[in-house]
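A structural walkthrough
For reference, the chains in residue letters:
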Number of protein chains: 2
Amino acid sequence: MFKVPDHQVAGHMAGAGALGPLVDDSGHFYKPLQSDERGTNEVAFYTSFSTDTRVPDQIRKFFPVFHGTRDLEASDGSGMHPHLVLEDIISSRINPSILDIKIGSSTWYPEASEAYIIKCLKKDRETCSLTLGFRISGLQFYGSKETGFWKPDRKSVNSFTHDDVRSALRKFVSSNSPTNSDIEPDCSYASTIYGGPDGILAQLLELKLWFEDQTIFHFYSCSVMMVYDKESILKGENPNPQIKLVDFAHVMEGKGVIDHNFLGGLCSLIKFISDVVTDPNK
Amino acid sequence: MFKVPDHQVAGHMAGAGALGPLVDDSGHFYKPLQSDERGTNEVAFYTSFSTDTRVPDQIRKFFPVFHGTRDLEASDGSGMHPHLVLEDIISSRINPSILDIKIGSSTWYPEASEAYIIKCLKKDRETCSLTLGFRISGLQFYGSKETGFWKPDRKSVNSFTHDDVRSALRKFVSSNSPTNSDIEPDCSYASTIYGGPDGILAQLLELKLWFEDQTIFHFYSCSVMMVYDKESILKGENPNPQIKLVDFAHVMEGKGVIDHNFLGGLCSLIKFISDVVTDPNK
């Protein structure tokens, strides 16, 4: 009944002796609770968010639906372990292309310990977070039956430069092979996937409007996942581009202040994506 | 011909043995160049900005007009010293109320030295910068002929809490005494100074639109100065509310990325000010 998800691009992955998420056939995604305060924090966030009447309905669609927690046999065979039960955003899709983007120039929060700040700041400086206001933390792009998926390993993704990020955001919406670095991405799906009234850009702009006003939550080290069905677009069907926020182990109370760290990074990502839509030929 | 300006709320001030800015009667403000790379940087910024055709005309009004540099007898009596010659924004005003707000949760830039980062980060954490995305770095509020100006010293301003900042942004547009902390600010000028088509909020929103798009400059440790004629408003005349960006010793090249640090802080300030306009009675 439970299985390891086919398409996971970031976070802990289930495997031999490794604790990771599971999915079932009914559209649920089971994320093992981290055993320290990160697990507690994430449950607390989902519980509070799912019942908070201040969150507008049109914003809820950007978050996975929360179905509580459940004890399951862990994927690493270590026995029963508590899991978050969430909406499975990915498994129903055929050959999805996925981008996981961690938002914010700072992944640490002001009240964090000195040691935690130093650790995060080092990584924010080594990756693109500090300069771009976001970093790509995982991706898989479907090419074709022949080439399959382009899914660089975590270390490669972490070492992406500014140019690599710009290129990845172009490859995500291109018809030509993502694996061949000699080919210039054609961005032929830019207007379909990023643009248009239901495209990713419109969704990001709706999210931005909320972040300009909401002072309830501050989302540190949280990702925007962008996904669409590459298979559908190849067949001329609706590729259903979607964004979802994921990873809430470091959400803090907003205390009446907007989340300027997340908002700044989100605006930077929006500018990168607008540039692709406005000028797909660079 | 040159004199020490009457109304200066932040930065180095001229005085006995101290090098500070001077003004003249023809509307010029002379800012002594800092002798290290900060002086060079600020001249380079003004020179490049004033000739950069990518900067829209409606944005230029938010920057002091630059009239080159000039060697002047320094205010500290140490002999000739190079000065930036700038538009004097303040001296023509009668009893102005002034707020100097340093924008950005981070006052240091990614390429800075380790020592500089640690120094700035410490101050950003001690002040409101990190939590609010901006901090008040100086202010003077005119009350009345009887009470004169409220101008807390630098140390008091630096130790402003979140609540102090919120209160200062309300006092700035209130008719009752800014010096008496027992009186609740009435915000009776909120709609005139912050609101309306020519108000401070409208100006900040216009600036925000530019920052969502411009990738030319990154403004670290730069301030938005907000000013209006308190005297005029008391007489029922146009108080001429205005914002200006000042202090460009730490402007960096944008390298094709928006200034998400400045933009995030600006959005946070806009939210604080919107709250005062929307609900002046708290």
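Residues numbered from 1 in each chain as written. Chains lettered and ligands numbered in written order. Predicted model: local features only at pLDDT ≥ 70, side-chain atom pairs only at ≥ 80, totals over all residues. Heavy atoms only, no water.

Naming follows an unreviewed UniProt entry, where chain A appears as Inositol polyphosphate multikinase of Rubus argutus. UniProt lists a comment for chain A under the heading Sequence similarities (unreviewed entry), and it reads "Belongs to the inositol phosphokinase (IPK) family." (UniProt positions renumbered as here; feature names shortened; annotations may be inferred.)

Applying the stated criterion to the full structure yields 35 salt bridges over all chains. One salt bridge in this structure joins R93 of chain A and D229 of chain A, with 3.1 Å as the shortest N-O distance. On the criterion of sequence distance, the pair formed by R93 of chain A in the loop between strand 4 (80–87) and strand 5 (96–103) and D229 of chain A in strand 9 (residues 223–229) is long-range, its members being 136 residues apart. What makes R93 of chain A buried here is its relative accessible area of 7%. Take D229 of chain A: its relative accessible area is 11%, and that puts it in the buried class. The partner of K31 of chain B in a salt bridge is E42 of chain B, with the nearest N and O atoms 3.1 Å apart. With K31 of chain B in strand 2 (residues 28–32) and E42 of chain B in helix 1 (residues 37–51), this residue pair connects regions lying eleven residues apart in the sequence. Three or more residues joined by partner-sharing salt bridges are found here, namely R166, K271 and D275 of chain A together with D213 of chain B. (Salt bridge = Lys/Arg side-chain N within 4 Å of Asp/Glu carboxyl O. Helix = DSSP H or I, 4+ residues; strand = E, 2+ residues; numbered from the N terminus. Buried < 20%, exposed > 50% of the residue type's maximum accessible area, 1.4 Å probe, protein only.)

All right, on to the pairing of strand 6 (residues 134–142) of chain A then. Residue and element names in this part refer to chain A. When you tally the buried positions in strand 6, you get nine out of nine residues, the bulk of the element. Judged from the six bridges that link them, strand 5 and strand 6 form a sheet pairing that is antiparallel. The partner of I103 across the bridge, within strand 6, is F134. Across two bridges, strand 6 lies against strand 7 (residues 149–150) in antiparallel orientation. (Pairing = 2+ DSSP bridges.)

The interface is formed by 31 residues belonging to chain B together with 31 residues belonging to chain A. Of the roughly 2300 Å² buried at the junction of chain B and chain A (both faces included), carbon and sulfur atoms supply 61%. Linking chain B with chain A are six salt bridges, by the criterion used here. Across the pair E114 of chain B and R125 of chain A runs a salt bridge, and its minimum N-O distance is 3.0 Å. Taken together, the links from chain B to chain A amount to twelve residue pairs in polar contact (both at pLDDT 80 or more). For the side of chain B that touches chain A, the secondary structure elements donating two or more residues are helix 3 (114–126), helix 4 (129–132), helix 6 (162–171) and helix 10 (260–278) of chain B. Per-element accounting of the side of chain B that touches chain A gives the leading share, eight residues, to helix 10 of chain B. Among the residues making up the side of chain B that touches chain A, the classes are represented as twelve nonpolar, eleven polar and eight charged. (Contact = heavy atoms within 4.5 Å. Buried area = accessible area lost by both parts, 1.4 Å probe. Polar contact = N/O pair within 3.5 Å; in protein donor to acceptor, adjacent residues only side chain to side chain. Nonpolar A, V, L, I, M, F, W, Y, C, P; charged D, E, K, R; others polar.)

A few words on the sheet that holds strand 9 (residues 223–229) of chain B. All names here are of chain B. Across the sheet, five strands lie side by side as 7-6-5-9-10; this open sheet has antiparallel pairing. With one partner strand each, in any of the chains shown, strand 7 (149–150) and strand 10 (242–246) form the two edges of the open sheet. Strands strand 5 (96–103), strand 6 (134–142), strand 9 and strand 10 of the sheet are contacted by helix 10, whose axis makes an angle of about 140° with strand 5. (Axes fitted to C-alpha atoms, helices over the stretch in contact; angles between N-to-C directions.)

Moving on, we get to the pairing of strand 2 (residues 28–32) of chain A. Residue and element names in this part refer to chain A. Both strand 1 (residues 22–23) and strand 2 contribute to a ladder of two bridges, which runs antiparallel. If you follow V23 over to strand 2, its bridge partner there is F29. Of the strand pairs in this sheet, strand 2 and strand 4 are connected by five bridges, and their pairing is antiparallel. By the bridge assignment for strand 4, H28 is matched with E87.

Okay, the packing of helix 3 (residues 114–126) of chain A against helix 3 of chain B next. Two elements in contact, helix 3 of chain A and helix 3 of chain B, have axes whose closest approach is 14 Å; the angle formed by their N-to-C orientations is 125°. In this view, helix 3 of chain A runs oblique relative to helix 3 of chain B, as classed from their interaxial angle. The element helix 3 of chain A and its partner helix 3 of chain B pack so that their crossing is right-handed. Contacts between helix 3 of chain A and helix 3 of chain B involve E114, I117, L121 and R125 of chain A from the former and E114, I117, L121 and R125 of chain B from the latter. Across the contact of helix 3 of chain A with helix 3 of chain B, the residue classes tally to four nonpolar, no polar and four charged. (Parallel < 35°, antiparallel > 145°, perpendicular 65-115°, else oblique. Left-handed = near helix turned anticlockwise from the far one by under 90°.)

Of the two same-sequence chains, chain B is brought onto chain A (RMSD 0.0 Å, axial shift 0.0 Å) by a rotation of 180°. Such a combination of turn and shift is consistent with a two-fold rotation axis. Taking C-alpha positions as reference, the residue of chain B nearest the rotation axis is G264 of chain B, located at 2.2 Å. Same-surface contact between copies: 100% of interface residues of chain B are shared with the interface of chain A. (Least-squares fit on C-alpha atoms with pLDDT ≥ 70 in both.)

All told, the structure shown has four cavities of 30 Å³ or more when counted by the stated rule. The volume enclosed by the largest cavity comes to roughly 240 Å³. Contributing to the lining of the largest cavity are 19 residues, with S105 and S106 of chain A together with S105, S106 and N261 of chain B lying nearest its centre. Residues of the lining of the largest cavity, tallied by class, amount to eleven nonpolar, eight polar and no charged. (1 Å grid on protein atoms, 1.4 Å probe; cavity = no way out; pocket = protein on both sides within 12 Å on 5 of 7 lines; lining within 4 Å. Points joined across faces, edges and corners; volume = space filled by probe spheres on them.)

This next bit is on the domain arrangement of chain A. Residue and element names in this part refer to chain A. Looking at chain A, the domain boundaries give domain 1 (22–87) and domain 2 (96–278). Computed from C-alpha coordinates alone, the two centres of domain 1 and domain 2 are separated by 21 Å. Opposite the 20 residues of domain 1 that make contact, domain 2 presents 16 residues. Buried area between domain 1 and domain 2, both sides added, is near 1600 Å², and the carbon and sulfur share of it is 67%. In this assembly, domain 1 and domain 2 are joined by three salt bridges. Among the ionic pairs, E206 bridges to K61, the shortest N-O distance being 3.3 Å. For the interface between domain 1 and domain 2, the tally reads seven residue pairs in polar contact (both at pLDDT 80 or more). Broken down by secondary-structure element, the contributors of at least two residues to the side of domain 1 that touches domain 2 are helix 1 (37–51) and helix 2 (57–60). Its residues assigned to classes, the side of domain 1 that touches domain 2 comprises nine nonpolar, four polar and seven charged. (Domains from an automatic or database assignment.)

Under the criterion given, the structure shown has 56 aromatic pairs over all chains. When the ring of F2 of chain B is compared with that of Y30 of chain B, the centres are 5.0 Å apart and the planes differ by 90°; the resulting orientation is edge-to-face. Pair noted here: F2 of chain B is in the segment before strand 1 (22–23) and Y30 of chain B is in strand 2, with a separation of 28 residues, a long-range link. In this structure F2 of chain B comes out as partly exposed when scored by relative accessible area, which is 31%. Judged by relative accessible area, which is 2%, Y30 of chain B ranks as buried. Positioned above the aromatic ring of F49 of chain A, the side-chain terminus of R60 of chain A is 5.1 Å from the ring centre. (Phe/Tyr/Trp six-rings, centres within 6.5 Å; stacked < 30°, edge-to-face > 60°. Lys NZ or Arg CZ within 6 Å of the ring centre and 35° of its normal.)

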